[in-house]
Amino acid sequence: MPVDMIHNIGLLALLAIGFSLIRFSRFIADNSIQSKILVGILFGSVAAVVMFNPIVVPQGATFDTRGGPAILVGIYGGGLSTLVASVIGAIARYQVGGPSAVGGAASFIFYGLAGLGAHFALRKLNRRPDIPTLILIGIFGTFCVLPAFFIGQTWETGIAILQVAWPILLTGNVAGVFLLGYVLELDERRRQETIEAQNHKKFAEGIFDAQPSHIAVIDPDGNILTVNTEWHVFYQRNGGKPKNWVGENYYSHCLSDQKTYGDKLLSDKIKSVISNESNGFEHLFPCHSPTEKRWFLMMVRSIKWSGKTGAIIMHINVTDRVVAEMRATEEGQRYRSLVEHSLAGIITINDQGIVQNANKAIEEIFGFTPDELIGNNVSKLMPEPQKSEHDGYIETYLKTGKSKVINTGREVWAAHKNGKIFPVHISVSADRSGPTPMFSGVIIDLTKQHEMYEQMEKAKEIAEAANLAKSEFLSSMSHELRTPLNSILGFSQVIASDTDTPLNDTHQKAVNHILNSGHILLGLINQVLDLSKIESGKVILDLEACDLDALIKETLPVVEPLAEKNNIQVFYERSPNLIQVRADSFKLKQVILNLLSNAIKYNEPNGQVTITAKSTGLGFIRTTISDTGLGIPKERQGEVFGAFQRLGAERSAIEGTGVGLTITKHLVELHNGTIGFNSDLGKGSDFWFDIPVSRLSKQHTTHEPKDET
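Quick caveat, the model's predicted, so the values are computed rather than measured.

**Some thoughts on the sheet that holds strand 7 (residues 308–317)**
Okay, so step 1: The five strands are arranged 4-3-7-6-5 in an open sheet whose pairing can be described as antiparallel. The sheet is open, and its two borders are formed by strand 4 (224–227) and strand 5 (281–286), each paired with just one other strand. Looking at each pair of strands side by side, their axes are set apart by 25° on average, direction ignored.
Okay, so step 2: Looking at chain direction, strand 3 (residues 214–218) and strand 7 are connected through five bridges and run antiparallel. Paired with Ala 216 across the bridge in strand 7 is Ile 313.
Okay, so step 3: Packing of helix 7 (residues 229–237) onto the sheet brings it into contact with strand 3, strand 4, strand 6 (295–305) and strand 7, and relative to strand 3 it is tilted by some 115°.

So, in structure tokens, the structure goes:
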């Protein structure tokens with residue numbers, strides 16, 4: 001019986017080896033129904049074969065090592081494989097016959113259930129069966145099959161058979177599960193390793209081919225072992241025909257054009273990497289096509305396999321980066337050129353106030369060369385107290401983000417190398433994008449501007465003094481001229497009105513000329529006197545609520561003789577609901593009279609003058625005096641309100657001094673009003689002025705010169 005046992009186990013081992021060769025060949029696919037059925041057939045067939053070489057015990061029962069494949073089919077095949085193997089094994093056992101044929105056939109069910117139980121336990125534990133596990137599974141299967149001994153047998157017979165057969169049964173099952181399972185597990189692990197290696201290879205090949213750079217692997221002699229897909233694509237894109245690169249010599253093929261690579265010793269450098277004399281290197285080279293300029297970065301690193309050392313060479317297209325760097329370099333050079341040639345001083349400091357850069361203009365402004373400033377605190381360019389407080393300004397800005405100078409501009413005092421304090425305008429911008437905040441300042445020397453302002457202020461003071469002296473002179477002269485002129489007019493009137501000794505016609509005509517000329521001269525003197533009062537700021541306004549409509553009506557009769565003399569028609573168009581204005585009635589009447597007189601004097605014969613008054617809706621009443629005269633040329637319209645400007649009328653018979661509109665403009669502005677005009681040559685002119693509506697009670701106002709500072 002021991003010989004039979006050894007023979008049976010050897011047969012099982014031989015069958016197991018043959019089965020493993022079939023089981024793990026390409027003939028069987030994983031997880032398909034056909035594969036599971038085929039696995040069940042194979043395991044069932046192995047069990048059937050060993051049953052035809054049974055071990056017979058004295059009670060007439062037969063035993064074999066069928067337990068091994070019957071249990072393992074559940075582990076390696078699953079439920080469907082177990083069902084197929086059990087059916088085949090049960091039929092075979094039943095055909096063998098004997099007193100325990102039914103129980104033997106039923107044993108396949110118990111063995112299959114034991115194998116499935118072990119399968120689920122291993123899957124839950126997520127582990128592969130090792131030698132101790134296989135032994136435990138054999139023991140577990142032996143206990144699971146014990147009920148089969150009592151099928152078709154009496155209890156006493158079953159017990160008797162077990163007492164004799166249990167060592168054989170246990171030994172056979174453990175040996176069968178161990179031998180067959182060990183072989184299968186070795187092959188399974190070998191298969192998994194093969195699959196894993198293939199997957200790793202595919203993964204590596206996928207990564208290799210997915211690289212956008214052109215990659216080649218060479219052996220110690222420079223022969224190409226493999227290239228990636230992008231290598232082929234690039235070669236064909238540039239006119240090359242498809243070819244197998246394996247076996248091509250990299251040195252002779254790819255490094256034949258030394259001008260392209262710009263390095264005569266590239267092959268030697270690659271060989272030094274292969275010989276471990278160098279860790280690798282990178283080399284930038286141009287590779288221009290007829291249609292575009294391109295640059296590539298060649299990266300070389302060593303690679304080892306099977307005791308050999310070769311090199312992996314990558315050609316990376318870095319055209320975009322090179323072009324960007326070239327543009328950045330050009331922009332940087334252009335910026336540096338602009339900075340260096342800027343008339344304004346430009347200086348850069350860090351968050352500690354230390355000067356990092358300064359252009360040449362800084363030396364012209366401060367007297368310090370850039371080298372004298374770089375590395376020193378920028379407070380070197382400041383007078384006290386700003387010099388001592390400067391670092392605190394930066395600290396405050398970095399903490400609060402608030403500053404009077406940063407991100408804005410202002411005028412400050414600066415210190416020259418020679419100790420001179422002078423004014424500058426500085427604009428500071430902050431850059432906090434980098435790891436260290438940086439500040440850039442643009443500085444303009446204001447010394448000349450200040451000197452110019454001072455000269456202008458002095459010139460203004462001199463001009464104002466001269467103007468005041470002129471006004472005072474004119475005022476004095478006007479008073480002095482009016483005294484003898486009034487005497488002349490008075491005596492002329494006495495002579496003209498003397499009834500005791502009347503004048504003859506010739507003398508009467510001469511006296512009348514004296515009177516007319518005297519009155520004209522007196523009017524001119526009064527206008528000059530009014531202008532001098534206005535310019536000296538000595539005009540007094542009695543502001544009150546005035547009826548503009550009444551003022552206009554009072555003025556019309558005054559100009560009526562002048563209008564009749566020039567054959568001019570005067571029309572007044574009053575708007576309804578005209579409200580009162582706040583004005584000095586006498587001065588406002590003078591404004592209206594001046595504009596009406598001008599409109600009549602400078603009109604065409606048989607012309608018209610129209611007066612309108614209406615609200616602007618903005619708190620003002622606008623009065624417009626329109627005429628049908630010749631109009632004012634555009635090139636001379638800027639001179640209209642200038643003193644002593646008559647715009648060519650001085651060569652005509654029209655009387656005047658050219659100060660009427662000047663006085664009118666001043667009077668309107670003293671009322672906080674505005675004045676203007678529109679004129680078309682050959683069509684006439686519209687002069688208008690706006691006076692505020694009345695909101696206050698009558699008040700007495702003296703206008704002094706405005707402080708322009």
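Next, the rest of the story.
**Observations regarding the sheet that holds strand 14 (residues 569–574)**
Sheet strands pair by backbone hydrogen bonding; their relative direction is either parallel or antiparallel.
Okay, so step 1: The sheet built from five strands is open, its strands ordered 14-16-17-19-18 with mixed pairing. The outermost strands of the open sheet, each flanked by one partner alone, are strand 14 and strand 18 (674–680). Each adjacent strand pair in this sheet contributes to an overall mean axis angle of 15°, direction not counted.
Okay, so step 2: Relative to strand 17 (residues 620–627), strand 16 (residues 608–615) runs antiparallel, the two being bridged by seven bridges. Bridged to Ser 615 within strand 17 is Ile 621.

**What to know about the side chain of Thr 142**
Okay, so step 1: Mapped onto the fold, Thr 142 is located in helix 5 (residues 131–145).
Okay, so step 2: Beyond its immediate sequence surroundings of up to four residues, Thr 142 is in contact with Leu 169, Leu 170 and Asn 173.

**A look at helix 18 (residues 585–601)**
Okay, so step 1: In a regular helix each residue adds 1.5 Å, so 17 residues correspond to 24 Å; helix 18 covers 24 Å between its end C-alpha atoms and thus fits that length.
Okay, so step 2: Most of helix 18 is tucked away, with twelve of its 17 residues classed as buried.

**Quick look at the pattern of salt bridges**
Okay, so step 1: Counted according to the given criterion, the structure contains ten salt bridges.
Okay, so step 2: Note that Lys 243 and Glu 248 form a salt bridge whose closest N and O atoms lie 3.0 Å from each other.

**Quick notes on the pairing of strand 12 (residues 438–445)**
Within a regular strand, the side chains alternate between the two sheet faces.
Okay, so step 1: Judged from the six bridges that link them, strand 8 (residues 345–350) and strand 12 form a sheet pairing that is antiparallel. Opposite Thr 348, over in strand 12, you have Ser 440 as the bridge partner.
Okay, so step 2: The hairpin formed by strand 11 (residues 421–431) and strand 12 contains six residues between the paired strands.

**Digging into the packing of helix 5 against helix 6 (residues 155–210)**
Okay, so step 1: Two elements in contact, helix 5 and helix 6, have axes whose closest approach is 8 Å; the angle formed by their N-to-C orientations is 140°. Here helix 5 is positioned oblique relative to helix 6, judged by the angle of their axes. The hand of the helix 5/helix 6 crossing is right-handed. Judged by residue contacts, Ile 131, Leu 134, Ile 135, Ile 137, Gly 138, Ile 139, Thr 142 and Val 145 of helix 5 engage Leu 169, Leu 170, Asn 173, Val 174, Val 177, Phe 178, Gly 181 and Tyr 182 from helix 6.
Okay, so step 2: Partitioning the contact of helix 5 with helix 6 into residue classes produces twelve nonpolar, four polar and no charged.

**Things to note about the pairing of strand 16**
Okay, so step 1: Strand direction decides the pairing type here: strand 14 and strand 16, joined by six bridges, are parallel. Across the sheet, residue Arg 574 finds its bridge partner in strand 16, namely Ala 613.
Okay, so step 2: In textbook terms, the turn of a hairpin is the stretch between consecutive antiparallel strands, and for strand 16 and strand 17 this stretch comprises four residues, one of which, Gly 617, has a positive phi near 80°.

The rules we used
Residues numbered from 1 in each chain as written. Predicted model: local features only at pLDDT ≥ 70, side-chain atom pairs only at ≥ 80, totals over all residues. Heavy atoms only, no water. Pairing = 2+ DSSP bridges. Helix = DSSP H or I, 4+ residues; strand = E, 2+ residues; numbered from the N terminus. Axes fitted to C-alpha atoms, helices over the stretch in contact; angles between N-to-C directions. Contact = heavy atoms within 4.5 Å. Expected span 1.5 Å × (residues − 1). Buried < 20%, exposed > 50% of the residue type's maximum accessible area, 1.4 Å probe, protein only. Salt bridge = Lys/Arg side-chain N within 4 Å of Asp/Glu carboxyl O. Parallel < 35°, antiparallel > 145°, perpendicular 65-115°, else oblique. Left-handed = near helix turned anticlockwise from the far one by under 90°. Nonpolar A, V, L, I, M, F, W, Y, C, P; charged D, E, K, R; others polar.

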